[in-house]
Amino acid sequence: MLAGRKYRLEFDFGQRLFAERLGGICRSVWNTGLEQRREYRRRGGRLGYAEQCAQLADAKKDPYCAWLADAPAQVLQQILKDLDQACSRHGTWKVNWKSKTRWKPSFRFPTAKHIPVERINRRWGRVFLPKFGWVKFRMSRPLGGVVKSATVSLDGRHWFISFLVEDGLAQAELDQHVHAERKAGVDRGVVTAAVTSDGEFFDRRHATADGVSSWVSPPVAKKDRTSDPGYLTRGEAERYLRLQRRLARSVKGSRRRKVIIGRLGEIMRRVRWRRGDFNAQAAHRLTRDYGVVILEDLKTTNMTSAARPKPDPDHPGAFLPSGRAAKSGLNKAILDKGWYGLEVALRSKARYTGTVIADVPAPYTSQTCPAPACGVVDGKSRKSQALFSCTTCGHTEHADIVGAKNTLVRYQAAGPAVSGRGDSSGSVKRQAPRSTARAASAARAAA
């Protein structure tokens, strides 16, 4: 199977300058190629990858475009190939430009024979990159396979290289989980990152040397940022607030503003790494202990979209209250917990354990009573963010556990069991029956 390995590069001064220049060339080729495709579409024609590669070779001979020859040919061809795939998948008009200020420079070397890798000692390795020469990198873990390609990218102040390796493991050998009979529903929340139907809470606040979960729910924090900094330490949270105030007082386009933005980005880079580490550990625990993991089919992109303004019909040019501030806070809470990142980590880990990752549409999971003889849906049963108390039968439980249990029940009520993992990503789509509440009640009664 294919796997990724990421390491930090140690460019010298000349290599760093060339990497920044190469990133600018790749951005220019992408934007020019996208503009060409759009212009062809305006005229009713189409432009393909082969024709653009031929035009790129001709452009290198033009004295005004001689700077294109500074970049390795395979890197520029890969940019055009990525553009062709993006336009085929999303459409020419939906592909975005690569902005100089927002885009992170990156480029790919697709041919393995052009990027030999050698190990220098226990801590360091080196890779030969075309037109760069030999570059050292911190070999924090073995490659564990045969290198297929390499991608160089900039993250903050440092450059990193990501190897795509073939680890030599066959997919068919990992199709059977050791605990295939064990199933768990997982509820993702804004206070606790994930909760299983067995009552196990996965959250950053539970991260210790022994794991990232606990059987006790984390305390509900206050609404201020310093009391619950998430993936930041308390010192980093206070420093982040100070930098935001300095950013508000700085002049746009000034050197001071760029320095502040760089420091803010350095803090958020640590947050991204900690979130990714938490998701990887949580995914490892879930795929190791359960043969089937059921998630709610949540559209994270739609759930984190901004609230639309509501025009006031009585006052042209004015707008009615739309709850934009509250929706913004909810969006930040969802994105901070990393719902989609946990799902991606689960599907990646499931390839090696044989776990089935199932998606089920589960509406009103936190408002449905999980008691076997009840199953009443009532929004008033959700007393608070953490407390569920059924208004009919009086069943009381943690609201997140209730949501996880209902997700598991609706998976069991959706139809016959699916053998295998569905696809190479380890996912299975389950369609809920039309009468979801009735089927869920029947499943509870059978249990």
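Residues numbered from 1 in each chain as written. Predicted model: local features only at pLDDT ≥ 70, side-chain atom pairs only at ≥ 80, totals over all residues. Heavy atoms only, no water.

## A short note on the overall build of the protein
Secondary structure assignment for the protein yields 10 helices and 18 strands. Taking all 447 residues of the protein together, 42% fall into the buried category. Long-range pairs, those at least 24 residues apart, make up 63% of the contacts in the protein between residues at least 6 apart in sequence. Surface summary for the protein: the accessible area is close to 24,600 Å², and the carbon and sulfur share equals 54%. (Helix = DSSP H or I, 4+ residues; strand = E, 2+ residues; numbered from the N terminus. Buried < 20%, exposed > 50% of the residue type's maximum accessible area, 1.4 Å probe, protein only. Contact = heavy atoms within 4.5 Å. Areas by Shrake-Rupley, 256 points an atom, 1.4 Å probe, with all protein chains shown as cover.)

## Quick look at the nonpolar core
In terms of nonpolar packing, the biggest core is built from 44 residues, with Phe107, Phe132 and Phe163 touching the most fellow members. Listed in part, the 28 residues of the second largest apolar core include Leu232, Leu247, Ile267 and Leu342. (Core = buried A, V, L, I, M, F, W, Y, C linked by side-chain atoms within 4.5 Å.)

## Considerations on the side chain of Asp289
On the secondary structure map, Asp289 appears in helix 5 (residues 255-289). In this structure the side chain of Asp289 is engaged in a polar contact, spanning 3.0 Å, whose partner is the side chain of Arg288. Apart from residues no more than four positions distant in its own chain, Asp289 is found in contact with His177, His179 and Arg182. (Polar contact = N/O pair within 3.5 Å; in protein donor to acceptor, adjacent residues only side chain to side chain.)

## Details of the sheet that holds strand 3 (residues 117-119)
Spatially, the 7 strands line up as an open sheet ordered 2-6-7-1-5-4-3, and their pairing is antiparallel. Of all the strands in the sheet, just strand 2 (106-109) and strand 3 have a single pairing partner and so form its edges. Across the sheet, the axes of successive neighbouring strands diverge by a mean angle of 30 degrees, strand direction being ignored. Looking at chain direction, strand 2 and strand 6 (residues 146-155) are connected through 4 bridges and run antiparallel. Bridge assignment links Phe107 to a residue of strand 6, and that residue is Val152. Its contacts with the sheet put helix 1 (residues 13-42) on strand 1 (2-10), strand 2, strand 5 (133-138) and strand 7 (158-166), and the angle it makes with strand 2 is roughly 95 degrees. (Pairing = 2+ DSSP bridges. Axes fitted to C-alpha atoms, helices over the stretch in contact; angles between N-to-C directions.)

## Comments concerning the layout of surface pockets
Here the largest pocket is characterised by a volume of approximately 1,200 Å³. Lining the largest pocket are 29 residues, with Gly4, Lys6, Arg141, Gly276 and Ala280 sitting closest to its centre. Broken down by secondary-structure element, the contributors of at least two residues to the lining of the largest pocket are strand 1, strand 7, helix 5 and helix 8 (339-353). Residue classes in the lining of the largest pocket are distributed as 8 nonpolar, 11 polar and 10 charged. (1 Å grid on protein atoms, 1.4 Å probe; cavity = no way out; pocket = protein on both sides within 12 Å on 5 of 7 lines; lining within 4 Å. Points joined across faces, edges and corners; volume = space filled by probe spheres on them. Nonpolar A, V, L, I, M, F, W, Y, C, P; charged D, E, K, R; others polar.)

## So, helix 9 (residues 399-412)
In this model, helix 9 (14 residues) spans 20 Å end to end at C-alpha, consistent with the 20 Å of a helix rising 1.5 Å per residue. The buried fraction of helix 9 is high, at 12 of 14 residues. Where helix 9 is concerned, the buried positions are Ala399, Asp400, Ile401, Val402, Gly403, Ala404, Asn406, Thr407, Leu408, Val409, Arg410 and Tyr411. (Expected span 1.5 Å × (residues − 1).)

## A word on the state of the cysteines
A covalent bond between the sulfur atoms of two cysteines is referred to as a disulfide. Per the stated rule, a full pass over the model turns up 0 disulfides. This cysteine, Cys390, is not joined by any disulfide, and Cys393 carries the nearest cysteine sulfur, 3.7 Å off. (Disulfide = S-S within 2.5 Å.)

## Considerations on the pattern of salt bridges
Enumeration according to the criterion identifies 26 salt bridges in this entry. We note a salt bridge from Arg42 to Glu39, for which the minimum N-O separation is 2.9 Å. Within this pair, Arg42 and its partner Glu39 are both found in helix 1, separated by 3 residues, close to a single helical turn. A relative accessible area of 48% places Arg42 in the partly exposed class. With relative accessibility at 28%, the residue Glu39 sits in the partly exposed group. (Salt bridge = Lys/Arg side-chain N within 4 Å of Asp/Glu carboxyl O.)

## Focus: helix 8
In this model helix 8 runs 21 Å from its N-terminal to its C-terminal C-alpha over 15 residues, within 8% of the 21 Å that 1.5 Å per residue would give. When helix 8 is considered as a whole, its buried residues turn out to be Trp339, Leu342, Glu343, Ala345, Leu346, Arg347, Ala350 and Arg351. Looking one or two residues past helix 8, Gly354 carries a phi angle of roughly 80 degrees, positive in sign.

## Overview of the packing of helix 1 against helix 2 (residues 49-60)
Axis separation between helix 1 and helix 2 bottoms out at 12 Å; the angle between their running directions is 125 degrees. By the angle between their directions, the pair helix 1 and helix 2 is classed as oblique. Along this stretch, helix 1 crosses helix 2, giving a crossing that reads as right-handed. Here helix 1 contributes Gly33, Gln36, Arg37 and Tyr40 to the contact with helix 2, which in turn contributes Tyr49, Glu51, Gln52 and Gln55. In the contact of helix 1 with helix 2, the residues fall into 2 nonpolar, 4 polar and 2 charged. (Parallel < 35°, antiparallel > 145°, perpendicular 65-115°, else oblique. Left-handed = near helix turned anticlockwise from the far one by under 90°.)

Note that all results are geometric; they support no functional claim without further evidence.
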